[in-house]
Amino acid sequence: MTDQHGELDAALERVIDAARAHLAAVRAAQGRIDDDDVWRAYVALNNASFAYDEQLLDAFGEVTPWDVESIDPNEADERFGVEGIEATDPHPRVISVRQRRDYRVPSVSALIRAAEAARREGTPEEDEPAPVEGVGEAVLELLQSGDGSLSALDVPELEPLDGVVMVSEVGTPVDLESFDDDDPIGPFQPAADDRLVGRLDEHPFLELDEEHDHAH
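The present account deals with the structure reproduced in this document. (Residues numbered from 1 in each chain as written. Predicted model: local features only at pLDDT ≥ 70, side-chain atom pairs only at ≥ 80, totals over all residues. Heavy atoms only, no water.)

**With respect to the packing of aromatic side chains**
- Inspection of the entire model under this criterion finds 2 aromatic pairs.
- When the ring of Tyr52 is compared with that of Trp66, the centres are 5.9 Å apart and the planes differ by 45 degrees; the resulting orientation is tilted. With a gap of 14 residues between them, Tyr52 in helix α2 (residues 36-60) and Trp66 in the loop between α2 and α3 (73-80) connect regions that are remote in the sequence.
- According to the relative accessible area criterion, Trp66 is partly exposed, its value standing at 35%. (Phe/Tyr/Trp six-rings, centres within 6.5 Å; stacked < 30°, edge-to-face > 60°. Helix = DSSP H or I, 4+ residues; strand = E, 2+ residues; numbered from the N terminus. Buried < 20%, exposed > 50% of the residue type's maximum accessible area, 1.4 Å probe, protein only.)

The following block contains the structure:
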């Protein structure tokens, strides 16, 4: 007879260890996109969460809030090209993805507290983190302490509004050194020879009660 409690405890510890490893990889990547270590840590955390959820269901008929499916690391690496795929196309192209999403801030103080907590988490214990001053700095802190993508802003302190994603074929990649740090337009301004491929409009999900009202 197996020790279900012991197995569940061990499975939970694997989730915790995987979460810590993922956070360490994210911090080490410092916002780099498609970082191999972050991806592998993500897969490990996903699979540890999935295994724990399955064991909890088998043992007690209960589930976690984690809606995940098991990921085969080898298949995922082949599909998403973690190690990189040799370029054999003699006509490479540059794709530009421009994204905007707006947010409503119901409580400035609540957002700043969330950002200060994130900053404190990433500051060595012997140091005192600087206070977060203002909404803009709070949002930047959440982005920097997360994975650098807009998913880092999926927090209760921010209410997502409409957004838009523009995908274009461009002649040359962006040269960030040619724009001032306080230039809000230059890096996003399409060039004359850019070709718009498509636009994707994003809308926040309706609340359950709103969905119910619309259904009737």
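**Remarks on a negative patch on the surface**
- Together, Asp3, Glu7, Asp9, Glu13 and Asp17 make up a negatively charged patch on the protein surface.
- Within the secondary structure layout, Asp17 lies in helix α1 (residues 4-29). (Patch = residues over 30% accessible without salt bridge, like charges linked within 9 Å, V, L, I, M, F, W, Y side chains within 5 Å. Areas by Shrake-Rupley, 256 points an atom, 1.4 Å probe, with all protein chains shown as cover. Salt bridge = Lys/Arg side-chain N within 4 Å of Asp/Glu carboxyl O. Lys, Arg positive; Asp, Glu negative; His and termini not counted. Charge placed at Lys NZ, Arg CZ, Asp CG, Glu CD.)

**Details of the pairing of strand β2 (residues 159-170)**
- In the sheet, strand β1 (residues 94-104) pairs with β2 via 10 bridges, with the strands oriented antiparallel. Its bridge partner being in β2, Val94 is matched across the sheet by Val170.
- The sheet contact formed by β2 and strand β3 (residues 195-202) spans 7 bridges and is antiparallel. The residue of β3 that forms the bridge with Val167 is Gly198. (Pairing = 2+ DSSP bridges.)

**Overview of the side chain of Asp194**
- Looking at where Asp194 falls in the secondary structure, it is placed in the loop between β2 and β3.
- Separated by 3.4 Å, the side chains of Asp194 and Arg98 make a polar contact.
- In this structure the side chain of Asp194 is engaged in a polar contact, spanning 2.9 Å, whose partner is the backbone nitrogen of Ala191. (Polar contact = N/O pair within 3.5 Å; in protein donor to acceptor, adjacent residues only side chain to side chain.)

**Here we look at the packing of helix α4 (residues 108-121) against helix α5 (residues 135-145)**
- Remark: α4 packs on α5, axes separated minimally by 9 Å, with the N-to-C direction vectors making an angle of 35 degrees. Of the two possible hands of crossing, α4 and α5 adopt the one that is left-handed. Across from Val108, Leu111, Ile112, Ala114, Ala115, Ala118 and Arg119 in α4, the residues of α5 making contact are Val135, Glu137, Ala138, Val139, Glu141, Leu142 and Ser145.
- A class-by-class count of the residues in the contact of α4 with α5 yields 10 nonpolar, 1 polar and 3 charged. (Axes fitted to C-alpha atoms, helices over the stretch in contact; angles between N-to-C directions. Left-handed = near helix turned anticlockwise from the far one by under 90°. Contact = heavy atoms within 4.5 Å. Nonpolar A, V, L, I, M, F, W, Y, C, P; charged D, E, K, R; others polar.)

**Examining a nonpolar patch on the surface**
- A cluster of nonpolar residues, Ile95, Val97 and Val197, forms a patch on the protein surface that exposes about 270 Å² of accessible area.
- You can see Ile95 is positioned in strand β1.

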